[in-house]
Number of protein chains: 2
Amino acid sequence: MSDPAQDDAHLTEDDLIARYFRPLAGEGAFGLRDDAARIVPGEGTELVVTVDTLVAGVHFFPDDPPGAIGRKALGVNVSDLAAKGARPRGFLLSAALPRDVSLRWLGQFAAGLKDAADAYRCPLLGGDTVKTPGPLALSVTAFGETPRGAMVHRFTAQPGDRIVVTGTIGDAALGLLLRTAPGAAWTEALGVDGRVFLTDRYLHPAPRLGVVEALRAHAHASMDVSDGLAGDLAKMCRASGASAEVDLALLPLSEAARAALAADPTLIDTIVTGGDDYEILCTIPDPALAPFLDAAERAGVRATAIGSIVPGDALPVFRDAGTETRYARGSYSHF
Amino acid sequence: MSDPAQDDAHLTEDDLIARYFRPLAGEGAFGLRDDAARIVPGEGTELVVTVDTLVAGVHFFPDDPPGAIGRKALGVNVSDLAAKGARPRGFLLSAALPRDVSLRWLGQFAAGLKDAADAYRCPLLGGDTVKTPGPLALSVTAFGETPRGAMVHRFTAQPGDRIVVTGTIGDAALGLLLRTAPGAAWTEALGVDGRVFLTDRYLHPAPRLGVVEALRAHAHASMDVSDGLAGDLAKMCRASGASAEVDLALLPLSEAARAALAADPTLIDTIVTGGDDYEILCTIPDPALAPFLDAAERAGVRATAIGSIVPGDALPVFRDAGTETRYARGSYSHF
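Residues numbered from 1 in each chain as written. Chains lettered and ligands numbered in written order. Predicted model: local features only at pLDDT ≥ 70, side-chain atom pairs only at ≥ 80, totals over all residues.

Asks: Residue-level account of the overall build of chain A, with values.
Replies: Scanning chain A for helices and strands turns up 12 helices and 12 strands. Here the C-alpha radius of gyration of chain A, 21 Å, is about what a compact globule of 335 residues would show, namely 20 Å. Seen along its three principal axes, the alpha-carbon backbone of chain A occupies a region of about 65 × 55 × 35 Å. Within the span of chain A, comprising 335 residues, buried residues form 54% of the whole. Counting contacts in chain A only where the partners sit at least 6 residues apart, residues at least 24 apart contribute 89% of the total. (Helix = DSSP H or I, 4+ residues; strand = E, 2+ residues; numbered from the N terminus. Rg over C-alpha atoms; globule rule 2.2 N^0.38 Å. Buried ≥ 20, exposed ≤ 12 C-beta atoms within 10 Å, placed from the backbone. Contact = placed C-beta atoms within 7 Å.)

Put into structure tokens, the structure is as follows:
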């Protein structure tokens, strides 16, 4: 065990699981010593299940900190559960690892994953490790629980509903731009704090579990914003047979995003269409708006009404001081 | 829609899901129009969950028939459920697709997947499609159901238990050899029918759902044989704190495997250690052996007692006419 390189070469799947993943295992995982895991559903509940795969070079940078990749792999799935009104119960991880993955990388990745599992009370239940000649890929299946019949859908927005988003929009897309086009003029306007903030928002989704109960109590429809606000709102509208109007002046922006936008007003398109926000986009019937916003505030989650669902099948319109924009290809699509 | 190549280039994730995967969607999938799926557990049941990833060039040949790949991706997971005593409820598919994947390939893959989903009563509940610069990879998460507390584990074999396997062992490993070393002398002894049979056994796992109830009623421990009998039995013994003795003369072999072995007796090692059997390996207390074998026969599943669990922590021993073999690296490990 003194030579890490040799270690790597001889690490069996069992060794790898015991060393890095057993510490994350929860009830029903049987210490990762079985071929499948068990979930005992609570009385009167139903399970909400979702899967998201992250591929190196597509969904994250291969040189992102391994711990951040671990947190993100679970975070993006827990964000889906939160948007459906579900509390996390656990997750399965399928990791496709290139032969040259190092023990150091795996250790830091597993530590980040454990941070997230602890923070979201979402333990590892089981999984699978395979070798791949391609890029590293992480497939997480997350399980959540809701009272029976309480899951909140994407396709149930109704004309008249107010459109609400949590947190701030566009930070992660700007954080990604900082990585891919670091020399742009607007980045100078940010200062170090702003750059660190936006970079962190790209690396670290913050699933909005604080509003799970409020969503179940008040929302007609809900989804998380992962592929850009414009594209995801268009998806929600298409699925619901409706359209939407958004007032860009109401869009919640971070201080850093405001500074970036002041330096380069064309960044509004990046903010509205860029991906990786992992905020919640939901629609609330007008009489429930105040109770929903109150509940979010009590949970410490910023929530902002930005527009309304309207009848029709047009693409959502984004209004700003007399201009109207419909984003025909509004969604950043990983496919 | 007249130019398939152009079609490919412009296929959005939504188009792809609608065209190829919506026909597979079951209850709780909401027509694949939501971000997560719902599973309503039966009264007094628990869920068994498992994930397996197949990577092109590692777990299947890129030029295998796409329909066979689809059937196998689900079959290997349903085999895990069956071994745990669980009836399938549904699955999630995460597909990482290279940019050059063709519509023709996807159509045939989805058709094979649908065959399997129908055969195992295991509908598609949801999933995820991503682009990858690497090889095609398919990650299936399967959900099964057992009465509460009835899941059969890997780590509960007890000294004195009889070791039972379903079907025949080694066919898939020989089928793989036919692909990788087609000119070997033993292949001549097979005839066309034998070669077709073994190739088919490699391509098409046959999950043994027929013995699910019998396993729950009678087995102390159970797992599916996916990484080779020797290695998987060693895993079961290690997890259970026991050892095992197998009588090779009792090993159930197909007619084709017998012909191969007669032509080249060294193939016994391939048969015992090769992967992809997807048969069930279980341990049955001696008084329950006859009832278990009867139940399997009534279900149309061949089941054969091949040895016993014994005390100790030695590797399982395989005996044959005076020789004893312990397979130190008995398992074909994909990792």
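Having seen the structure, we can now continue with the description.
Asks: Account for the domain arrangement of chain A, naming residues and giving values.
Replies: All names here are of chain A. Each assigned domain of chain A is listed with its residue range as follows: domain 1 (4-147) and domain 2 (162-325). Between the C-alpha centres of domain 1 and domain 2 the distance comes to 27 Å. Across the boundary between the two partners, domain 1 contributes 18 residues, which contact 16 residues of domain 2. Among the elements that line the side of domain 1 that touches domain 2, the one with the most residues is helix α3 (residues 66-83), at 10 residues. For the side of domain 1 that touches domain 2, the class distribution of residues is eight nonpolar, four polar and six charged. (Domains from an automatic or database assignment. Nonpolar A, V, L, I, M, F, W, Y, C, P; charged D, E, K, R; others polar.)

Asks: Mind laying out the interface of chain B and chain A, listing which residues take part and the relevant values?
Replies: Each partner contributes to the interface: chain B provides 55 residues, whereas chain A provides 55 residues. Of the residues forming the side of chain B that touches chain A, the biggest block, nine residues, is contributed by strand β2 (residues 45-55) of chain B. A breakdown of the residues in the side of chain B that touches chain A according to their chemical character gives 26 nonpolar, 15 polar and 14 charged. Alignment of strand β1 (residues 37-39) of chain A against β2(B), held across three bridges, turns out to be antiparallel. Residue pairing for β2(B): A:Ile39 is matched across the bridge by B:Leu47. (Pairing = 2+ DSSP bridges.)

Asks: With reference to specific residues and values, describe the confidence of the model for chain A.
Replies: All names here are of chain A. On average, residues of chain A carry a pLDDT of 93, and 95% of them reach 70 or more. This model gives residues 1-9 a pLDDT under 50, and the stretch forms five contacts once residues within four places in sequence are excluded. Note that residues 330-335 has pLDDT below 50 and, in this model, 29 contacts with residues that lie over four places away or in other chains. Our summary of model confidence lists the complex with pTM equal to 0.93 and ipTM equal to 0.92. (pLDDT = per-residue confidence, 0-100.)

Asks: A description of helix α10 (residues 255-263) of chain B should follow, citing residues and the corresponding values.
Replies: Residue and element names in this part refer to chain B. When we look at burial in α10, the residues that qualify are Ala-256, Ala-257, Ala-260 and Leu-261. For α10, the angular spread of buried residues about the axis comes to 135°, placing them on one side. Facing away from the buried side of α10 by more than 90 degrees, the exposed set consists of Glu-255, Arg-258 and Ala-262. Of the surrounding elements, those touching the buried residues of α10 are α5 (171-180), α6 (185-188), α7 (191-203) and α11 (267-273). (Arc of directions from axis to C-beta.)

Asks: Account for the relation of the copies chain B and chain A, with residues named and values stated.
Replies: Least-squares fitting of chain B to chain A yields an RMSD of 0.0 Å, with the superposition described by an axial translation of 0.0 Å and a rotation of 180°. The symmetry that links the two subunits is that of a two-fold axis. The C-alpha atom lying nearest the rotation axis in chain B is that of B:Gly134; the distance is 2.1 Å. Here 100% of the interface residues in chain B have copies in chain A that are interface residues too; the copies meet face to matching face. (Least-squares fit on C-alpha atoms with pLDDT ≥ 70 in both.)

Asks: I'd like to hear about the sheet that holds strand β11 (residues 317-320) of chain A, residue by residue, with values.
Replies: Residue and element names in this part refer to chain A. One open sheet holds the seven strands; their spatial order is β7-β9-β6-β10-β8-β11-β12, and the pairing between them is mixed. The sheet is open, and its two edges are formed by β7 (221-225) and β12 (323-325), each paired on a single side. The sheet shows a mean angle of 25° between the axes of neighbouring strands, taken without regard to direction. Where strand β6 (residues 162-166) meets strand β10 (residues 303-310), five bridges bridge the pair, whose relative direction is antiparallel. Bridging from a neighbouring strand, Ile-163 pairs with Gly-307 of β10. The strands touched by helix α9 (residues 229-240) are β7, β8 (243-247), β9 (279-284) and β11; relative to β7, the strand with the most contacts, the crossing angle is about 155°. In the packing of helix α12 (residues 289-298) onto the sheet, contacts are made with β6, β9 and β10, and the angle to β10 comes to roughly 150°. (Axes fitted to C-alpha atoms, helices over the stretch in contact; angles between N-to-C directions.)

Asks: Which residues make up helix α4 (residues 103-119) of chain A, and what values do they have?
Replies: Residues and elements named next belong to chain A. Counted at 1.5 Å a residue, the expected span for α4 with its 17 residues is 24 Å, and the 24 Å between its end C-alpha atoms agrees. Among all positions in α4, only Leu-106, Phe-109, Ala-110, Gly-112, Leu-113, Lys-114, Ala-116 and Ala-117 are buried. On its buried face, α4 is in contact with α2 (13-21), α3 and β4 (124-131). Positioned one or two residues after α4, Arg-121 has a phi angle of 50°, which is positive. (Expected span 1.5 Å × (residues − 1).)

Asks: So what about the nonpolar core? Which residues, and what values?
Replies: Membership of the largest hydrophobic core comes to 212 residues, with the highest contact counts inside it found for A:Leu74, A:Phe91, B:Leu74 and B:Phe91. In this structure, B:Phe91 is in contact with B:Leu74, B:Asn77, B:Cys122, B:Leu124, B:Leu125, B:Val140, B:Thr141, B:Ala142 and B:Phe143, ignoring residues within four places of it in sequence. (Core = buried A, V, L, I, M, F, W, Y, C linked by C-beta atoms within 7 Å.)

Asks: Explain the pairing of strand β5 (residues 137-147) of chain A residue by residue, including any values.
Replies: Residue and element names in this part refer to chain A. Counting buried positions along β5 yields 10 of 11 residues, so the element is predominantly enclosed. Pairing geometry for strand β2 (residues 45-55) and β5, over 11 bridges, is antiparallel. Among the inter-strand pairings, Asp-52 is bridged to a residue of β5, identified as Val-140. Note: strand β3 (residues 87-97) against β5, nine bridges, orientation antiparallel. In the strand pairing of β5, Leu-92 is matched with Thr-141.

Asks: Please provide a residue-by-residue account of the packing of α3(A) against α4(A), values included.
Replies: Residues and elements named next belong to chain A. It is the contact of α3 with α4, at a shortest axis distance of 7 Å, that shows an interaxial angle of 40°. Taken together, the axes of α3 and α4 are oblique relative to one another. Between α3 and α4 lies a crossing of right-handed hand. Where α3 approaches α4, its residues Pro-66, Gly-67, Ala-68, Ile-69, Gly-70, Arg-71, Ala-73, Leu-74 and Gly-75 are matched on the opposing element by Trp-105, Gln-108, Phe-109, Ala-110, Ala-111, Gly-112, Leu-113, Asp-115, Ala-116 and Ala-117. (Parallel < 35°, antiparallel > 145°, perpendicular 65-115°, else oblique. Left-handed = near helix turned anticlockwise from the far one by under 90°.)

Asks: Describe in detail the sheet that holds β5(A), supporting the description with residues and values.
Replies: Spatial ordering of the open sheet is given by β4(A)-β3(A)-β5(A)-β2(A)-β1(B), a layout of five strands whose pairing is mixed. Two strands in the sheet have a free side with no partner beyond their single neighbour: β4 of chain A together with β1 (37-39) of chain B. Strand-to-strand twist in this sheet, taken as the mean axis angle between neighbours without regard to direction, amounts to 20°. With seven bridges connecting them, β3(A) and β4(A) associate as parallel partners. Bridging across to β4(A), A:Leu92 finds its partner in A:Gly126.

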